[in-house]
Amino acid sequence: MNKFITILLWVLLFLLVSIVGLFLFSFTHTGNEILKPYVQEKLEHEIGLPVEVKKFTLESGTSSLDMLINKQAVAHVVAQYDLWSQSFEGTYHVKADTFTHESRKLKNVDIQGSFKGNSEDIFMEGKGSAFNAKLDYRFNIINDVPQKIVVNMQGAEFAEVLEYLGHPALVEGKIDIDIDMPDMGEDTASGYGHIVLNKSSFNRTLVKELYDYTLPEKSYLTGTLDAKLEGQDIKLVGNVQSNLFTLQIKDANVDMVSDHLSAEYSLDVKDMRILSKNKLAGLLKVDGKVEKMDKVTHVVGTSHSLGGTLEFTVDESSKITLDKLYLEKLLPFFKQPDYAKGQLSGTINLDNVKLKTGIYDIQIDKGVLKTKALEKMSRYKIPIENRFTLKSKGKISDTVLTGDLKLDSTLTDISLSSLAYDLKQKSLLSDYDILIHDVNAVMHKAQVAKGTPVSAKGVLKFKDK
């Protein structure tokens, strides 16, 4: 919807500027036809979308425009203007069966209304339909800043809202929006906003198709978001609930002058599959803070769901600190066989989150291999009594870990000197140097004396498991 409003504002402002700049031009059919290509070129430049001007009329005191935007939306604008005061008023009508912009999509949009003002202060009001719901609104644009906003929409299709925001339509249900902030921009400003997501259901078929994960039957989502305007600050409180997760937003504050945002949050996920596109599985509860300033968002979080303490900070860079996380919880969390116990500690630093580049340093203490699980994976039987430690450090570049790894255990010592692990493909390639302390411990049919060691060097490859 914001793209539609931007389009309308540029059309109105352009009409006013054209009228003032071209008032000496003869108001004739020939003159209007000559102006059409110029009008079309300027509108395309300002809107940033293809525009086809079907009809443009500039007469004394009146102007009208019919155009096709992005070959999808039909817009009709009629304005009356006062040349000397540089003011105008008129009506508009925008309609589109489907309107797409970048990854966003709107269906069955039909809004019409009126406007009046000048280039510094425009009042707009309108009503119609969008997101398969009735819509009515009014607001002012004062020095290019929206103010005195009143919006009401009841029963909008949440699936269409998600598509408009560029996300898969994973939730089917209705959303209500009620915003009344008439005093925005004033020191004594007050007002409220109230958004309700009525109890909705997940699209299980689409979730299965996109993430290869079957949701529990009757999985639901419901939530509310309340905003209160106090002077230049907006206070926010939110609560989203589902049988899969709950999210609470507490003590949130938005400074409209500096655009500074801060909030505390609590996220309790019953199953990470739906939130991680089926890359992770299991429980995770995270508490933390979010802060946004100068277009940079800073997120801090802490979790104790994996046994020890997981802490992270994310902005343009990222740091993850692991303190004694339990392997028996981590392995199922990453959808790996539960073949070991132990405590994982270390740090992961990404100096560029988008490029996923950085360094890591991790270690496992008090490690124990689970004999039954390992036998099922490898068909090798090992002693129940075993211990190991592991250390690895290196760098991360484009989701690939490269570095070295050293494992010392009661069974074997292993050194991977040129480790390369692809996090996406879950594949590993490395030179190895291995020492088995007692061949009989892992090869029970070996006909050698007890305590006979064996060493070997070579190349190790594996994928997934």
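Throughout, residues of each chain are indexed from 1 in the direction in which the sequence is written. Confidence filtering applies because this is a predicted model: local features only for residues at pLDDT of at least 70, side-chain atom pairs given and counted only at 80 or more, and all residues used for totals across whole chains, interfaces and linings. Heavy atoms throughout the structure, all of them, feed into the side-chain values; hydrogens and water do not.

Caption draft 1: Just the overall build of the protein chain, in detail. Numbering goes from the N terminus for both helices and strands, where a helix is a DSSP run of H or I of at least four residues and a strand is a run of E of at least two. The number of helices and strands found in the protein chain is seven helices and 26 strands. The buried label goes to any residue with under 20% of its type's maximum accessible area, the exposed label to any with over 50%, and the partly exposed label to all in between, with areas taken from a 1.4 Å probe on protein chains only. Expressed as a percentage of the 465 residues in the protein chain, the buried residues total 39%. Contact between two residues is taken to exist if any of their heavy atoms lie within 4.5 Å; hydrogens are not considered. Excluding contacts between residues fewer than 6 apart, the proportion of contacts in the protein chain whose partners are at least 24 apart in sequence is 41%. Using the Shrake-Rupley algorithm and a 1.4 Å probe, accessible areas are obtained, with residue cover drawn only from the displayed protein chains. When the accessible surface of the protein chain is totalled, it reaches about 26000 Å², and 55% of it is carbon and sulfur.

Caption draft 2: Just the nonpolar core, in detail. Residues belong to a common nonpolar core when they are buried Ala, Val, Leu, Ile, Met, Phe, Trp, Tyr or Cys residues joined through side-chain atoms within 4.5 Å. Formed by 84 residues in total, the largest nonpolar core has its most connected members in Leu-43, Phe-131 and Phe-158. Core analysis: the second largest hydrophobic core is formed by six residues, Leu-374, Ile-382, Ile-436 and Val-442 among them.

Caption draft 3: Representation of the confidence of the model for the protein chain in the model. Across the chain, each position has a pLDDT score giving the predictor's confidence in that residue, from 0 to 100. In the predicted model, the protein chain carries a mean pLDDT of 84, and the fraction of residues at 70 or more is 89%. Note on residues 19-26: pLDDT is under 50 here. Beyond four places in sequence and across chains, it has 11 contacts.

Caption draft 4: Unusual backbone geometry, seen in detail. Within the chain, Phe-131 stands out as a residue other than glycine whose phi angle is a positive 55°. Take Phe-131: it is sitting in the loop between β6 (121-130) and β7 (133-142). Positive phi is not limited to glycine here, since Lys-277 has a value of about 55°.

Caption draft 5: Structural view of the pairing of strand β22 (residues 388-397). Strand pairing is assigned whenever DSSP detects at least two bridges linking the two strands. Pairing of strand β21 (residues 357-369) with β22 involves nine bridges; the strand directions are antiparallel. Across the sheet, Ile-362 pairs through a bridge with Ser-392, a residue of β22. As paired elements, β22 and strand β23 (residues 400-409) share 10 bridges and run antiparallel to each other. What sits directly across from Ser-397, in β23, is Val-400. Here β22 folds back onto β23, and the loop between the two strands holds two residues, one of which, Asp-398, carries a positive phi near 55°.

Caption draft 6: Region of the structure containing the packing of aromatic side chains. Each Phe, Tyr or Trp ring (for Trp, its six-membered ring) is paired with any other whose centre lies within 6.5 Å, and the angle between the two planes then decides the class: stacked below 30 degrees, edge-to-face above 60, tilted in between. Per the counting criterion, the structure on display carries five aromatic pairs. When the centroid spacing of 5.6 Å and the interplanar angle of 85° are considered together, the rings of Phe-333 and Phe-334 count as edge-to-face.

Caption draft 7: Local environment of the pairing of β21. One ladder, built from 11 bridges, connects strand β20 (residues 340-352) with β21; its direction is antiparallel. Bridged to Leu-344 within β21 is Ile-364.

Caption draft 8: Structural detail: the pattern of salt bridges. Salt bridges are defined by distance alone: a side-chain nitrogen of Lys or Arg within 4 Å of a carboxyl oxygen of Asp or Glu. Counted under the stated rule, the structure contains nine salt bridges. A salt bridge links Lys-54 to Glu-52; its shortest N-O distance comes to 3.0 Å. With a shortest N-O distance of 2.8 Å, Lys-370 and Asp-338 are connected by a salt bridge. On the criterion of sequence distance, the pair formed by Lys-370 in the loop between β21 and α6 (371-378) and Asp-338 in the loop between α5 (327-333) and β20 is long-range, its members being 32 residues apart. On the basis of relative accessibility, which here comes to 30%, the residue Asp-338 falls in the partly exposed class.

Caption draft 9: Layout of the side chain of Glu-157. Among the secondary structure elements, Glu-157 is positioned in strand β8 (residues 145-157). Here Lys-174 takes part through its side chain, which lies 2.6 Å from a polar atom of the side chain of Glu-157. Once residues lying within four places of it in the same chain are set aside, the contact partners of Glu-157 are Phe-131, Asn-132, Gly-173 and Lys-174. Definition of a polar contact: a pair of N or O atoms within 3.5 Å, with one able to donate and the other able to accept a hydrogen when the atoms are protein atoms, and with sequence-neighbouring residues admitted only if both atoms are side-chain atoms.

Caption draft 10: Region of interest: the environment of Leu-267. When you line up the elements, Leu-267 lands in strand β15 (residues 260-269). Judged by relative accessible area, Leu-267 falls into the partly exposed class, the value being 23%. Sequence spacing of Leu-267 and Val-240 is 27 residues, and the spatial spacing of their C-alpha atoms is 9.5 Å. Excluding anything up to four places from it in sequence, Leu-267 contacts Phe-245, Thr-246, Leu-247, Leu-284, Lys-285 and Val-286.

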